[in-house]
Amino acid sequence: MILADFQACTGIDNIAEAITLLELNNWDLVAAINGVIPQENGIFQSEATAHTPSAPPSSASASATASSSSSPPSSSSPAFCPVQPSRHIVERQSRMLNFRVEYRQRSIEVVLEDASTVGDIKTILETELQVPVSKMQLKGWKSGDVSDSTVLQSLHLPKNNSLYVLTPDIAPLASTSQSRYGDCHPVFYIGSLEAASQEAFYGKARDRKLLAIYLHNDESVLGNVFCSQMMCADSIVSYLSQNFITWAWDVTKEANKARLLTMCTRHFGSVVAQTIRTYKTDQFPLLLIVMGKRTSNEVLNVIQGNTTVDELMMRLMGAMEIFSAQQQEDIKDEDEREAREMVKREQDEAYRLSLEADRKKREAQEREEAEQVRQERIRKEQEEEREAIRLSLEQALPPEPKEDDGEPISKLRIRTPSGEFLERRFLGSCKLQVLFDFVASKGYPSDEFKLLTTFPRRNITQLDPAWSLLEAKLFPQETLFLEAKE
């Protein structure tokens, strides 16, 4: 009835597609229709109530909610169709996302805006499951593991999503209830078929396992015998636990069987789904042994309910032998790939270090050249400054007096550090500063050179520059020499 109502309202003729959409919405007719037709253009809460007076209120909420889920609902309400959109409706900026989160024997429904984060989901689950966020691993994301700060909008999620929680640091509580077929039974994977496939197939090659899909049908006469004598045998339980990820599904109801076929088509292809369809009720239970391969998943064996413990063990071991051979090849390929990647990483690192060394060498050379240019510029500036000072002093010197001027003349002879001599006549009344300026104009400034007499040795640069040559006893003639200051 739900399927018929859904097809009538949405116009989807393809039964498989309609079942898939209903399955993704946990067979919630209102949610499935709103998943196809956005809420602004589809069914509002009040409209759904108006069309279905006897139906309970929708569980959809504009804020985050969480509650334990129940089995897929059945509906006897008449079909109803979405209202036509108004042109003035403006699309909302945020979307509501539905999450079905499975943990051990519980299933939690969480509804959040896509502006929320992964951590917000964990916070809600912490309240519902009484599991600390720090010990919670939220798995099942199609994009791989995500951090708590990841915004849901950035993951581009569909409206309905299935996740599962792992708590490796928390031991499962001992069950106080008696199992239907005894206490010794396989450990079934709690989660979706997709999550079980990822757990079995998509880890490192050494960690991969076979996937055993147990399909139960309560209407089969072989069900009780197969479960109690085969699936609960110690040897079978031990072998499955060590080598398989075991996932179970009940196909007693046709709706559940339709959901299984949709999942199998999605994950293993239409051939597997068609194979399951060919088995009659009295041939159940079935145990499908699936091996993950590089390009697609392969069903190695389909074990029917009419078997013995020994035959079941033989077929499990046969599948394990095929898997082990494939696993060894995968491990070899993975090791070789990792070795190649390691060599490439080492080569890339060596190349990076070489480039870094070249860059540092080039930068050091550039710094050295820049320093040389700077020092050369400073030297030139200093030379230009000295030359300017020298020319200024030279131009400021009084003219050299002639010998017959009639005034006292002092004739001085100055030996330079290079051995050359500077000779000039000065008036006896000239100040010592004029002598210092003359020497500086020749490139020997008084702050770098000392002007000394030969005998007795006197440092003329230490005398008062205002003294005259007569007062300094440099008259009528004197030989002096220049010496660099220390």
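In this numbering scheme, every chain counts its residues from 1 along its sequence in written order. It should be noted that, the model being predicted, local features are given only for residues of pLDDT at least 70 and side-chain atom pairs only at 80 or more, the latter also being counted only at that level, while totals for whole chains, interfaces and linings use all residues. For side-chain calculations, the full set of non-hydrogen atoms in the structure is used, while hydrogens and water are omitted.

The protein chain carries the name Fas (TNFRSF6) associated factor 1 in an unreviewed UniProt entry, which gives Cyprinus carpio as its organism.

Participant: How should I be thinking about the packing of helix α1 (residues 2–10) against helix α3 (residues 29–36) in this particular structure?
Facilitator: Two measures define how a pair of helices packs: the angle their axes make with one another and the distance between the axes. Inter-axis angles, ranging from 0 to 180 degrees, are taken between N-to-C directions of lines fitted to C-alpha atoms, where helices are fitted over the stretch in contact. Strands here mean DSSP runs of E at least two residues long; helices mean DSSP runs of H or I at least four residues long; both are numbered from the N terminus. Their axes nearest at 10 Å, the elements α1 and α3 cross at an angle of 30 degrees. Relative to α3, the element α1 lies roughly parallel. Between α1 and α3 lies a crossing whose hand is right-handed. Residues Ile2, Asp5, Phe6, Cys9 and Thr10 of α1 pack against Leu29, Ala32, Ile33 and Val36 of α3. Gly is placed with the polar residues, together with every amino acid not listed as nonpolar (Ala, Val, Leu, Ile, Met, Phe, Trp, Tyr, Cys and Pro) or charged (Asp, Glu, Lys and Arg). In terms of residue class, the contact of α1 with α3 is built from seven nonpolar, one polar and one charged. Just so you know how the angles are binned, under 35 degrees is roughly parallel, over 145 roughly antiparallel, 65 to 115 roughly perpendicular, and the rest oblique. Each crossing gets its hand from how the near helix is turned against the far one by less than a right angle, where anticlockwise is left-handed and clockwise is right-handed. By definition, residues are in contact when any of their heavy atoms lie within 4.5 Å.

Participant: I'm lost on the nonpolar core in this one. Help?
Facilitator: Side chains that are nonpolar tend, in soluble globular proteins, to be buried together. Take the buried residues of types Ala, Val, Leu, Ile, Met, Phe, Trp, Tyr and Cys, join any two whose side-chain atoms come within 4.5 Å, and each joined set is a nonpolar core. Three exposure classes are used, based on accessible area relative to the maximum for each residue type with a 1.4 Å probe and protein chains only: buried under 20%, partly exposed in between, and exposed over 50%. In terms of nonpolar packing, the biggest core is built from 28 residues, with Leu211, Ile213, Leu215, Trp247, Leu260, Phe268 and Leu288 touching the most fellow members. Elements supplying a minimum of two residues to this core: α6 (193–201), β6 (210–216), β7 (244–250), α9 (254–268), α10 (270–278) and β8 (286–292). When neighbours within four sequence positions are excluded, Leu211 is seen to be in contact with Leu193, Ala196, Ser197, Ala200, Phe201, Phe244, Ile245, Trp247, Phe268, Leu288, Ile289 and Val290. Among the nonpolar cores identified, the runner-up in size contains 22 residues, and Leu210, Phe226, Met291 and Ala319 belong to it.

Participant: Mind showing me how you'd approach the sheet that holds strand β10 (residues 409–415) here?
Facilitator: Two modes of strand pairing occur in sheets, parallel and antiparallel, and in both the strands are linked by backbone hydrogen bonds. Read across the sheet, four strands follow the order β11-β10-β13-β12 without closing on themselves; strand pairing throughout is mixed. Both edges of this open sheet fall to β11 (421–427) and β12 (449–453), since each of them pairs with a single strand only. Within this sheet the neighbouring strands show an average axis-to-axis angle of 30 degrees, counted without direction. Of the pairings in the sheet, the one linking β12 to strand β13 (residues 477–484) comprises five bridges and is antiparallel in character. Considered in β13, the bridge of Lys450 is made with Glu483. Strands are treated as partners if at least two bridges between them are detected by DSSP.

Participant: Please explain the environment of Arg390 as it appears in this structure.
Facilitator: Inspection of the secondary structure assignment puts Arg390 in helix α11 (residues 309–396). The spacing of Arg390 and Asp437 is 47 residues in sequence and 8.4 Å in space, taken between C-alpha atoms. The residues contacting Arg390, other than those within four sequence positions of it, are Ala440, Ser441, Lys442 and Gly443. Polar contacts, as counted here, are pairs of nitrogen or oxygen atoms within 3.5 Å of one another; within protein the pair requires one atom able to donate a hydrogen and one able to accept it, and residues that are adjacent in sequence qualify only if both atoms are side-chain atoms. Here the side chain of Arg390 touches Ser441 through a polar contact of 3.0 Å, landing on its backbone oxygen.

Participant: For this particular structure, what's the right way to read the side chain of His216?
Facilitator: Relative to the elements of secondary structure, His216 occurs in strand β6. Within the structure, the side chain of His216 is placed 2.7 Å from the side chain of Asp218, a separation counted as a polar contact.

Participant: Sorry, what's going on with the packing of helix α2 (residues 15–24) against α9 here?
Facilitator: Contact geometry of α2 with α9 gives a least axis separation of 10 Å together with a crossing angle of 100 degrees. The angle between α2 and α9 falls in the class roughly perpendicular. The segment α2 lies against α9, with Ile19, Thr20, Glu23 and Leu24 engaging Ala258, Arg259, Thr262, Met263 and Arg266. The residue makeup of the contact of α2 with α9, split by class, is four nonpolar, two polar and three charged.

Participant: How should the sheet that holds β6 be read in this particular structure?
Facilitator: Taken in spatial order, the four strands of this open sheet run β7-β6-β8-β9, and their pairing is mixed. In this open sheet, the two edge strands, each paired with only one partner strand, are β7 and β9 (297–304). This sheet shows a mean twist of 20 degrees between the axes of neighbouring strands, independent of strand direction. The strands that α6 touches are β6, β7, β8 and β9; relative to β6, the one it contacts most, it runs at about 150 degrees. Running over the sheet, helix α8 (residues 234–243) touches β6 and β7 and is turned about 110 degrees from β7.

Participant: Before we go on, may I ask you to explain the side chain of Thr416 in this structure?
Facilitator: Considering the arrangement of structural elements, one finds Thr416 in the loop between β10 and β11. At a separation of 3.0 Å, a polar atom in the side chain of Thr416 contacts the side chain of Ser418. Apart from residues lying up to four places away in sequence, Thr416 is in contact with Leu422, Tyr444 and Leu482.

Participant: Any chance you could explain a negative patch on the surface here in plain terms?
Facilitator: On the surface, a cluster of negative charge is made up of Glu403, Asp404, Asp405 and Glu407. Mapped onto the elements of the fold, Glu407 is located in the loop between α11 and β10. Looking at Glu407, the relative accessible area reads 44%, which means it is partly exposed. For patches, a residue must show more than 30% relative accessible area and have no salt bridge; joins then use 9 Å for like charges and 5 Å for nonpolar side chains, namely Val, Leu, Ile, Met, Phe, Trp and Tyr. Each accessible area is a Shrake-Rupley result for a 1.4 Å probe, and residues are judged covered by the shown protein chains and nothing else. Here a salt bridge means any side-chain nitrogen of Lys or Arg lying within 4 Å of a carboxyl oxygen belonging to Asp or Glu. Charge counting treats Lys and Arg as positive and Asp and Glu as negative, with His and both chain ends excluded. Lys charges are placed at NZ, Arg charges at CZ, Asp charges at CG and Glu charges at CD.

Participant: Looking at this structure, how should I read α6?
Facilitator: Helical periodicity: at 3.6 residues per turn, an α-helix aligns residues three or four positions apart in one direction. Of all the residues in α6, the buried ones are Leu193, Ala195, Ala196, Ser197, Ala200 and Phe201. Looking at the buried positions of α6, the neighbouring elements they touch are β5 (160–166), β6, β7, α9, β8 and β9.

Participant: Please explain the packing of aromatic side chains as it appears in this structure.
Facilitator: By convention here, two paired aromatic rings are described through the distance between centres and the angle between planes. Any Phe, Tyr or Trp ring, taking Trp's six-membered ring, that has another such ring centre within 6.5 Å forms a pair; planes under 30 degrees apart are called stacked, those over 60 apart edge-to-face, and the others tilted. Here the structure, examined in full by the defined rule, presents nine aromatic pairs. The interplanar angle of 65 degrees and the centroid separation of 6.2 Å between the aromatic rings of Phe99 and Trp141 together place this pair among those described as edge-to-face. In this pair, Phe99 is assigned in strand β2 (residues 96–103) and Trp141 in the loop between β4 (137–139) and β5, connecting sequence segments 42 residues apart. The exposure class assigned to Phe99 is buried, which follows from its relative accessible area of 0%. Between Phe188 and Tyr214 the ring centres are 6.4 Å apart and the planes differ by 35 degrees, which places this aromatic pair in the tilted class. Here the residue Phe188 occupies a position in the loop between β5 and α6, and Tyr214 occupies one in strand β6, the gap between them amounting to 26 residues.

Participant: Would you take a moment to explain the pattern of salt bridges for this structure?
Facilitator: Oppositely charged side chains can form a pair if their charged atoms are brought close together. Under the criterion given, the structure shown has 24 salt bridges. A salt bridge links Glu363 to Arg359; the nearest nitrogen and oxygen atoms lie 2.5 Å apart. One end of the pair is Glu363 and the other is Arg359, both in helix α11 and four residues apart, which spans about a single turn. Classification of Arg359 by relative accessible area gives partly exposed; the value is 28%. Residue Glu381 is joined to Arg377 by a salt bridge in which the shortest nitrogen-to-oxygen separation is 3.8 Å. One end of the pair is Glu381 and the other is Arg377, both in helix α11 and four residues apart, which spans about a single turn. Judged by relative accessible area, which is 43%, Glu381 ranks as partly exposed. Classification of Arg377 by relative accessible area gives partly exposed; the value is 42%. When salt bridges with common partners are traced through the structure, they connect Arg208, Asp330, Glu334 and Arg337 into a single cluster.

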